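One-letter residues, chain by chain:
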Amino acid sequence: MASVLAGKMGLNSLLRKQSRNFNVRICTMESDMEFSCEVKWKGKDLFDLVCRTLGLRETWFFGLRYNIKDTVAWLKMDKKVLDQEVPKEEPITFNFLAKFYPENAEEELVQDITQHLFFLQVKKKILEEEVHCPPEASVLLASYAVHAKYGDYDSSVHKPGFLAQEELLPKRVINLYQMTAEMWEERITACYAEHRGRTRDEAEMEYLKIAQDLDMYGVNYFLIRNKKGTDLLLGVDALGLHIYEPDNRLTPKCSFPWNEIRNISYSDKEFTIKPLDKKTNVFKFNSSRLRVNKLILQLCIGNHDLFMRRRWVDSLEVQQMKAQAREERARKQVERQRLQREKQLREEAERARDELERRLIQLQDEAHMANEALLRSEQTADLLAEKAQIAEEEAKLLAQKAAEAETEMQRIKVTAIRSQEERRLMEQKMLEAEILALKMAEESERRAKEAEQLKQDLQEAKESERRAKNKLLEITSRTVHTSPRLPPDLSLSRENLSFDFKDTDMKRLSMEIEKEKVEYMEKSKHLQEQLNELKTEIESLKLKERETPLDIIHNQNTEQGTSKQSNFKKLTLQSTKSRVAFFEEL
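None of these values were measured; they are calculated from a predicted model.

(A) Structural context of the pattern of salt bridges. By the definition in use, this model includes 26 salt bridges. A salt bridge links arginine 338 to glutamate 342; the shortest N-O distance between them is 2.3 Å. You can see arginine 338 and its partner glutamate 342 sitting in helix α10 (residues 316-416), four residues apart, about one turn around the helix. Comparing arginine 338 with glutamate 342, the two get one shared label, buried. Each of Asp112, Arg200, Asp201, Glu204 and Lys332 takes part in salt bridges that share partners, so that together they form one network.

Here is the structure:
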């Protein structure tokens, strides 16, 4: 049966080699690409094609990785693709990934595309917990990832719940605290709001600057055994080789920097590292599989080459890329300043427009109130006029009654002489009539005065109406003259939108770069303070029983003040001979 299968695989390989082309699928961190390749192509031909498609020039960090049985391998550049142990089915799948990591991302990563690919890969490793990240750093990293995706924070756009569908924190961190998704989002958003003014590239670089200080960043781990047969872990990264205990991938027991290694080789399952000091014993360990030894050798050689390359003068290609990157950053800086000026002018214009609109609304309210006052004045004047008319009619009626009473009195006087009794009665009636007449005269006089007063009130109401009309005309004229319009000095012309690169711009940019260097230490201190503040905020909600062994080790290192850099320096200060002896005794 095995021979039949081998025969079929050999036949498939033969048919593939006889055909002119074969298909491959390249999986990047953002999307997949498919290519048709020629049979004679070497690994470098395919790799160069992918790099050209991506517009990537810093190719030395990357490689094409594929799965083989229960491990992984990297495509060799100098061998034909089909002559390597690549998958047999088509399209052949490769993952385009960072194979080597920089020592300092900010200094070494020149192109934006290089930085972006590293950002995506590191973020994926942290979220999938391939790289251990403490909770407070996870929150800060998540805030930069959100800024890289959404830009500046805007409370009117980024409302509560906008991160509900985002994967931003490792599940380990979420399970470690008694916090809801809303509470995590609130803390991430609070940090996100502080990053205002940064571009996407700057946010991604800040993410990498924090991530590169994590203990497991950029380290490839392999299970090995020393001469005594003790199971250990070998860590390979940009700084050198590190030996770990199997249950502690954070703190190495000893380290060998690349500048102290003279030669690396393997024979079957035994791996040999020769120190630079020829008097020191070689450093040997065993690996379980030949493929793993090949992979370790590739990573060691590549990392060692890059380690030495960083300490040489940059090649012309790298110098050219850095010069172009500086020019591009200068252009972006000038463009950003121009956009900020435009934004500031636009905001000022919007504020002026809002102020004019507010003033217009205020004037409209005043006009409305004046109209209402005028209407009330007109109504009051009509009421007073009506009362004056009624008083005048009452006065006329009283005058008529007084005249009638006078007439009656004269008639009584004429008839009073008829008899004494009648005269007495008449005198009495006359007296009563006189009293009544006197009262009516007084009432008539009072009514006349009241009518006069009402006439004066009517005149005052008409005068108030006249003043109200004048005020309405004044407000109407002011409204016309203060109609909303942009002030002349806020209008934008095409000349204001244009810009040129001048020596003054470049000098100003250089001064800003120097200022950034001076402020680097203060930013690092601010970053540490920010992490400590986040840790303090959520510490009370931690569930101690859910801490993983790596969490416990990290907390111990933090309490002891041990960091990734300080531990590496401490270990490398030891002599190579003592480190080799220590490794063999583990």
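(B) Here's a closer look at the sheet that holds strand β5 (residues 92-98). Spatially, the five strands line up as an open sheet ordered β2-β1-β5-β3-β4, and their pairing is mixed. In this open sheet, the two edge strands, each paired with only one partner strand, are β2 (32-38) and β4 (71-74). Averaged over all pairs of adjacent strands, the angle between their axes in this sheet comes to 35 degrees, without regard to strand direction. Across four bridges, strand β3 (residues 62-68) lies against β4 in antiparallel orientation. Bridge pairing links isoleucine 68 to threonine 71 in β4. Packed onto the sheet, helix α4 (residues 112-127) meets β3 and β5 and runs at close to 105 degrees relative to β5. Seen against the sheet, helix α9 (residues 290-310) touches β3 and β4 and runs at an angle of roughly 45 degrees to β4.

(C) Looking closely at the nonpolar core. Phe94, Phe96 and Leu241 are the most contacted members of the largest nonpolar core, which has 111 residues in total. With residues up to four places along the chain from it excluded, the contact list for leucine 241 reads Leu234, Gly235, Val236, Cys254, Ser255, Phe256, Trp258, Ile261, Ile273, Phe283 and Cys300. Residues Leu384, Ala391, Leu454 and Ala461 belong to the second largest nonpolar core, which totals seven residues.

(D) The arrangement of the pairing of strand β12 (residues 283-287) in detail. The two faces of β12 differ: Phe283, Phe285 and Ser287 on one face are buried, but Lys284 and Asn286 on the other face are not. Bridging between strand β6 (residues 220-225) and β12 involves two bridges; their strand directions are antiparallel. Of the residues in β12, the one forming a bridge with arginine 225 is asparagine 286. Strand direction decides the pairing type here: strand β11 (residues 270-275) and β12, joined by four bridges, are antiparallel.

(E) Just the packing of aromatic side chains, in detail. Under the definition given, this model contains 18 aromatic pairs. Between the aromatic rings of tyrosine 150 and phenylalanine 162, the centroid separation amounts to 5.5 Å while the plane-to-plane angle is 80 degrees, which identifies the pairing as edge-to-face. Placement of tyrosine 150 in helix α5 (residues 135-150) and of phenylalanine 162 in the loop between α5 and α6 (171-175) is noted, with a sequence separation of 12 residues between them. For phenylalanine 162, a relative accessible area of 18% translates into the label buried. Each member of the aromatic cluster is reached from another via a ring pair, and the members are Phe47, Trp60, Phe61, Phe62, Phe96, Tyr101, Phe118 and Tyr217. Above the ring of tyrosine 221, the side-chain terminus of arginine 249 is found at 4.9 Å from the ring centroid. Cation over ring: arginine 309 sits above tryptophan 60, and NZ or CZ is 4.1 Å from the ring centre.

(F) Focus on helix α15 (residues 549-559). Among all positions in α15, only Asp551, Ile553, His554, Asn555 and Asn557 are buried. Buried residues along α15 sit in contact with α5 and α6. Downstream of α15 by one or two residues, glycine 561 has phi in the positive range, about 75 degrees.

(G) Here's a closer look at the layout of surface pockets. The space that makes up the second largest pocket amounts to roughly 840 Å³. In this structure, the second largest pocket is lined by 32 residues; those nearest its centre are Arg65, Val72, Lys125, Glu130 and Asn220.

(H) Molecular detail of empty space enclosed by the protein. This model, assessed by the stated rule, comprises five cavities of 30 Å³ or more. Space inside the second largest cavity adds up to approximately 90 Å³. His132, Pro134, Pro135, Glu136, Leu176, Tyr177, Lys535, Lys542, Glu547, Asp551, His554 and Asn555 are the residues that line the second largest cavity. Those elements that provide at least two residues to the lining of the second largest cavity are α5 and α15. By residue class, the composition of the lining of the second largest cavity is four nonpolar, three polar and five charged.

(I) A look at the UniProt feature "binding site: a 1,2-diacyl-sn-glycero-3-phospho-(1D-myo-inositol)" (unreviewed entry) in the protein chain. Within this structure's numbering, the places UniProt gives as "binding site: a 1,2-diacyl-sn-glycero-3-phospho-(1D-myo-inositol)" (unreviewed entry) are Lys76, Met77, Asp78, Lys79 and Lys294. Within the secondary structure, methionine 77 sits in the loop between β4 and β5. The partly exposed category is assigned to methionine 77, whose relative accessible area is 29%. Beyond its immediate stretch of four places on either side in the chain, methionine 77 contacts Lys42, Gly43, Lys44 and Phe47. Turning to its location among the elements, lysine 294 is positioned in helix α9.

Reading the values: rules and limits
Residues numbered from 1 in each chain as written. Predicted model: local features only at pLDDT ≥ 70, side-chain atom pairs only at ≥ 80, totals over all residues. Heavy atoms only, no water. Salt bridge = Lys/Arg side-chain N within 4 Å of Asp/Glu carboxyl O. Helix = DSSP H or I, 4+ residues; strand = E, 2+ residues; numbered from the N terminus. Buried < 20%, exposed > 50% of the residue type's maximum accessible area, 1.4 Å probe, protein only. Pairing = 2+ DSSP bridges. Axes fitted to C-alpha atoms, helices over the stretch in contact; angles between N-to-C directions. Contact = heavy atoms within 4.5 Å. Core = buried A, V, L, I, M, F, W, Y, C linked by side-chain atoms within 4.5 Å. Phe/Tyr/Trp six-rings, centres within 6.5 Å; stacked < 30°, edge-to-face > 60°. Lys NZ or Arg CZ within 6 Å of the ring centre and 35° of its normal. 1 Å grid on protein atoms, 1.4 Å probe; cavity = no way out; pocket = protein on both sides within 12 Å on 5 of 7 lines; lining within 4 Å. Points joined across faces, edges and corners; volume = space filled by probe spheres on them. Nonpolar A, V, L, I, M, F, W, Y, C, P; charged D, E, K, R; others polar. UniProt positions renumbered as here; feature names shortened; annotations may be inferred.

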